Structure formats: C-alpha cells, structure tokens
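Now for the letters of each chain:
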Amino acid sequence: MATIEECRTALGKLSDNMQGSEGDVRAAAALDRSVSCHITDLGVTFVGRMTGGRIEVDETHPGPPRERAQIRLAMAGDDLVALVGGELNFATAWGSGRVRLEASLLDLFRLRKLL
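Thresholds applied
Residues numbered from 1 in each chain as written. Predicted model: local features only at pLDDT ≥ 70, side-chain atom pairs only at ≥ 80, totals over all residues. Heavy atoms only, no water. Helix = DSSP H or I, 4+ residues; strand = E, 2+ residues; numbered from the N terminus. Pairing = 2+ DSSP bridges. Axes fitted to C-alpha atoms, helices over the stretch in contact; angles between N-to-C directions. Contact = heavy atoms within 4.5 Å. Polar contact = N/O pair within 3.5 Å; in protein donor to acceptor, adjacent residues only side chain to side chain.

**Q** Sorry if this is basic, but what is going on with the environment of glycine 95 here?
**A** Tracing the backbone through its elements, the reader meets glycine 95 in helix α4 (residues 90–95). Separated by 87 residues in sequence, glycine 95 and arginine 8 have C-alpha atoms that sit 24 Å apart.

Put into structure tokens, the structure is as follows:
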C-alpha cells in the first residue's frame, strides 16, 4: 500500500508532467481550478489548486474532502502512484470505478486531454 508521502510525491510528479506539456495538453493544464484528491485507502485528502499548468497542494487532512473542489479525484494510493508512473491507464481505471473524477462538463472535456 502506498504511503501518504508516496502519494504526495506522485502528485508532485503529475504537476511536473503537466507543466512540461505542450499544445492542447498544455492548454488543458492551464485551468485555474480548486482540486481535491481523496486517497480512499489511507483516509486522507490532498487539497490545492490547479493553476499556471501545475497542481499546488496547499494542505493535507484526514478523511474525505471538507469542501467541494471544482475538480475532485478519489482513488487508492497505489492507483495514484501507478497512474502517474504510467503503469495504469486512466480511462481503464475510470471505467472500472477504480478512479473517480468529478468536475463540470466543460472541465471534463478539457481534462480528457491531460488524461
């Protein structure tokens, strides 16, 4: 099982990957939105903001998200690490329910370029 620190590192790597992207992917990464990532098996939520092509994690707290972020993710820690590491396909994980993504319809269309 992934640790909280491994999940934080994976989110940092995802942020680095987003910032280094180009074209349509770069445009999708340029959203300015609140973000939460609930790690279900660890019972912890990372809360922050997607801005300037990066995800900045502002805080980590126990339990599910306290407030409704504009972009909400939920998954097991191992799945987060595998997604960022390229070992797990997002579409497959989302379709099977291993990963939950909630956002406005417009944001979902933009985010599909990232995922």
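**Q** Sorry, what's going on with the sheet that holds strand β4 (residues 71–75) here?
**A** Across a sheet, paired strands are connected by hydrogen bonds in the backbone, their directions being either parallel or antiparallel. Across the sheet, which stays open at both edges, the five strands sit in the order β3-β2-β1-β4-β5 with mixed pairing between neighbours. What marks the edges here is a single partner per strand, and that holds for β3 (54–62) and β5 (99–102). Strand-to-strand twist across the sheet, computed as the mean angle between neighbouring axes with direction ignored, equals 15 degrees. Bridging between strand β1 (residues 33–39) and strand β2 (residues 44–51) involves seven bridges; their strand directions are antiparallel. Paired with serine 36 across the two strands is valine 47, which belongs to β2. In this fold helix α1 (residues 4–19) packs onto β1, β2 and β3, with an angle of close to 160 degrees to the strand it touches most, β3. Sheet strands touched by helix α3 (residues 77–84): β1, β4 and β5. Its angle to β4, the strand with the most contacts, is close to 110 degrees.

**Q** Quick question: what am I supposed to make of the side chain of aspartate 79 here?
**A** Structurally, the position occupied by aspartate 79 is in helix α3. A polar side-chain atom of aspartate 79 sits 2.5 Å from a polar atom in the side chain of arginine 98.

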